[in-house]
Amino acid sequence: MILILASIADSEAPLFAGEFGGAASVLTCDDLVRRPTRLLHPALEESTIGVGAKTVALREIRTVLNLLPTVMPNELAMYPPEERTYQAAELRALLTYFLSSLPCPVVNRATPLHLTGPVQNPAAWLAVAHRAGIPTSRLLAGSGADPWPGCEGSSIEVVSVGGRLIGPSGTVADE
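Since the structure is predicted, the reported quantities are computational estimates derived from the model, not experimental observations. (Residues numbered from 1 in each chain as written. Predicted model: local features only at pLDDT ≥ 70, side-chain atom pairs only at ≥ 80, totals over all residues. Heavy atoms only, no water.)

Caption draft 1: Expanded view of the confidence of the model for the chain. When the pLDDT values of the chain are averaged, the result is 83; 79% of them are 70 or greater. Considering each helix and strand of the chain separately, the mean pLDDT is smallest for strand E7 (residues 159-161), with a value of 63, and largest for strand E1 (residues 2-5), with 95. (pLDDT = per-residue confidence, 0-100. Helix = DSSP H or I, 4+ residues; strand = E, 2+ residues; numbered from the N terminus.)

Take a look at the structure:
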């Protein structure tokens, strides 16, 4: 299972999950609060989490895509207004532990400062990719020179992952 952690306000997350043909499910803060969740320490592999209408063993989760930068108190409508800020802080702590402890790959693994990992500029992300052994290209910054002399027409943005160029697909995944 691919788990997509997202805000309840993220209307694109369920569409994105649908692009995986049933292999992905969206998990929201509402799910975490309203569905049975059992996180065990130190036996995290025996833990379960409520995702939609089903209970999933953490060992069944193959990958997590974390799209939730923070827990917003207004998403916790099940609590009285005076409790929401406290509950959001508690849920953020739980998610930091959860995302940091999973043995599977987590895209945007939480850090103590941000649920979706470090907030960095593109040059810093290129350096991270380079250190991880992901092929990168040179970054031209501030040269003022045209990096593509003689090329005319429109351009598209592509991403290189594992030596493959990935271009726009026209789907929600592009966003």
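Having seen it, we continue.
Caption draft 2: Highlighting the side chain of Thr28. By the secondary structure assignment, Thr28 is in the loop between strand E2 (24-27) and helix H2 (29-34). Once you skip the residues sitting within four places of it in the chain, Thr28 turns out to touch Ala6, Ser7 and Ile8. (Contact = heavy atoms within 4.5 Å.)

Caption draft 3: Structural view of the packing of aromatic side chains. In the structure shown here, the tally under the stated rule is one aromatic pair. For the pair Phe16 and Phe20, a centre-to-centre distance of 5.2 Å together with 80 degrees between the ring planes defines the contact as edge-to-face. Here Phe20 falls in the partly exposed class, since its relative accessible area comes to 34%. (Phe/Tyr/Trp six-rings, centres within 6.5 Å; stacked < 30°, edge-to-face > 60°. Buried < 20%, exposed > 50% of the residue type's maximum accessible area, 1.4 Å probe, protein only.)

Caption draft 4: Representation of the sheet that holds E2. Taken together, four strands build an open sheet; the order of strands is E2-E1-E5-E6 and the sheet is parallel. Single-partner strands in this sheet number two, and they are E2 and strand E6 (106-107). Bridging between strand E5 (residues 63-66) and E6 involves two bridges; their strand directions are parallel. Residue pairing across strands places Leu65 opposite Val107, the latter belonging to E6. Where helix H3 (residues 84-101) meets the sheet, it contacts E1, E5 and E6, and its direction lies at approximately 150 degrees from that of E1. (Pairing = 2+ DSSP bridges. Axes fitted to C-alpha atoms, helices over the stretch in contact; angles between N-to-C directions.)

Caption draft 5: Structural detail: the side chain of Thr116. Relative to the helices and strands, Thr116 is located in the loop between E6 and helix H4 (122-131). Accessibility expressed as a relative area gives 15% for Thr116, which makes it buried. In terms of polar contacts, Thr116 uses its side chain to reach the side chain of His114, at 2.8 Å. (Polar contact = N/O pair within 3.5 Å; in protein donor to acceptor, adjacent residues only side chain to side chain.)

Caption draft 6: Broad picture of unusual backbone geometry. For the bond from His41 to Pro42, the omega torsion is 15 degrees, close enough to zero to count as cis. Along the chain, Pro42 falls in the loop between H2 and strand E3 (48-51). Look at Asn108: it is not a glycine, yet its phi comes out positive at around 70 degrees. Relative to the helices and strands, Asn108 resides in the loop between E6 and H4.

Caption draft 7: The arrangement of the pattern of salt bridges in detail. Overall, the coordinates contain two salt bridges when judged by the stated rule. Arg34 serves as the salt-bridge partner of Asp30, at 2.6 Å between the closest nitrogen and oxygen. Of the two residues, Asp30 and Arg34 both sit in helix H2, four residues apart, roughly one turn of that helix. (Salt bridge = Lys/Arg side-chain N within 4 Å of Asp/Glu carboxyl O.)

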